[in-house]
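Breakdown of the fold
Here's the letter readout for the chains.
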Amino acid sequence: QVQLVESGGGLVQPGGSLRLSCAASGSIFTILAMGWYRQAPGKERELVATITSGGTTNYGESVKGRFTISRDNAKNTVYLQMNSLKSEDTAVYYCKCNDYRGPGVKEYWGQGTQVTVSS
């Protein structure tokens with residue numbers, strides 16, 4: 001089993017910044033990719049950003065140009081730098097990890113961290 005622990009959420013004013021972290025631990029084989037998803041009340045969970053171990057990134061359309069995902073493979077940690085935050089960014093942010101175990105890939109999720117953007 002892989003455990004994911006998120007940190008860095010909190011309350012921030014519109015236009016402000018936050019940096020989220022997610023550390024993976026446990027029975028890790030080969031992490032292929034990690035990413036961030038979010039879910040606001042009454043809405044479906046949506047993609048924020050993903051990054052492969054090789055550094056390839058993918059972003060949700062609503063966060064392009066404002067958020068940056070990065071990773072430290074040696075520490076099995078992924079980060080999300082969030083700038084120019086808007087009220088619509090308010091959500092619970094979840095970390096996801098895809099771990100290759102052969103013959104297949106296992107998907108793991110963290111518990112989530114609350115991000116609230118409000119004046």
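Further up the page is the structure itself.
Residues numbered from 1 in each chain as written. Predicted model: local features only at pLDDT ≥ 70, side-chain atom pairs only at ≥ 80, totals over all residues. Heavy atoms only, no water.

Brief notes about the sheet that holds strand β1 (residues 2-7)
Our working rule: Strand pairing is assigned whenever DSSP detects at least two bridges linking the two strands. Numbering goes from the N terminus for both helices and strands, where a helix is a DSSP run of H or I of at least four residues and a strand is a run of E of at least two. The axes used here are C-alpha line fits, helices contributing only the stretch in contact, and every angle between their N-to-C directions lies in the interval 0 to 180 degrees.
Spatially, 4 strands are ordered β1-β3-β8-β7 in an open sheet, and the strand pairing comes out antiparallel. Of all the strands in the sheet, just β1 and β7 (67-72) have a single pairing partner and so form its edges. Between one strand axis and the next, the sheet turns through 15° on average, direction left out of account.

Regarding the pattern of salt bridges
Keep this limit in mind: For this document, the term salt bridge refers to a Lys or Arg side-chain nitrogen within 4 Å of an Asp or Glu carboxyl oxygen. Using a 1.4 Å probe on the protein chains alone, a residue whose accessible area is under 20% of its type maximum counts as buried, one over 50% counts as exposed, and one in between counts as partly exposed.
Counted by the stated rule, this structure contains 6 salt bridges. R101 serves as the salt-bridge partner of D99, at 3.2 Å between the closest nitrogen and oxygen. The exposure class assigned to D99 is buried, which follows from its relative accessible area of 0%. Members of the salt-bridge network, linked through shared partners, are R38, E46, R66 and D89.

Section: the state of the cysteines
The test is simple: Two cysteine sulfurs form what is called a disulfide whenever their separation falls within 2.5 Å.
According to the stated counting rule, one finds 1 disulfide in the structure shown. Not engaged in a disulfide, the cysteine C97 finds its nearest cysteine sulfur in C95; these two sulfurs lie 7.2 Å apart. You can call C97 buried: its relative accessible area is 0%.

Concerning the nonpolar core
To be explicit about the condition: Within this scheme, the nonpolar core is defined by two criteria: the residues are buried Ala, Val, Leu, Ile, Met, Phe, Trp, Tyr or Cys, and they are joined through side-chain atoms within 4.5 Å. Here, two residues are considered to be in contact whenever any of their heavy atoms come within 4.5 Å of each other.
With 29 residues, the main nonpolar core has L4, M34, W36, L80, M82 and Y93 as its most contacted residues. Breaking this core down by element, the ones donating at least two residues are β1, β3 (18-26), β4 (30-39), β5 (46-52), β7, β8 (77-82), β9 (91-100) and β11 (113-117). Residues contacting Y93, with those up to four places away along its chain left out, are E6, L20, W36, Y37, R38, V48, F67, L80, M82, G112, T113 and V115.

A few points about the packing of aromatic side chains
Given two aromatic rings, their pairing is described by the distance between the two centres and the angle made by the two planes. Where we set the bar: Only centres within 6.5 Å qualify two rings of Phe, Tyr or Trp (six-membered ring in Trp) as a pair; their planes then separate them into stacked at under 30 degrees, edge-to-face at over 60, and tilted for everything else. Think of it as a cone above the ring: NZ of Lys or CZ of Arg counts as a charge over the ring if it is within 6 Å of the ring centre and within 35 degrees of the ring normal.
Summed over the entire model, instances satisfying the criterion amount to 1 aromatic pair. Seen from the ring of Y94, R45 lies directly overhead, with NZ or CZ sitting 3.8 Å from the centre. It is R45 that lies over the ring of W109; its NZ or CZ is 4.8 Å from the centre.

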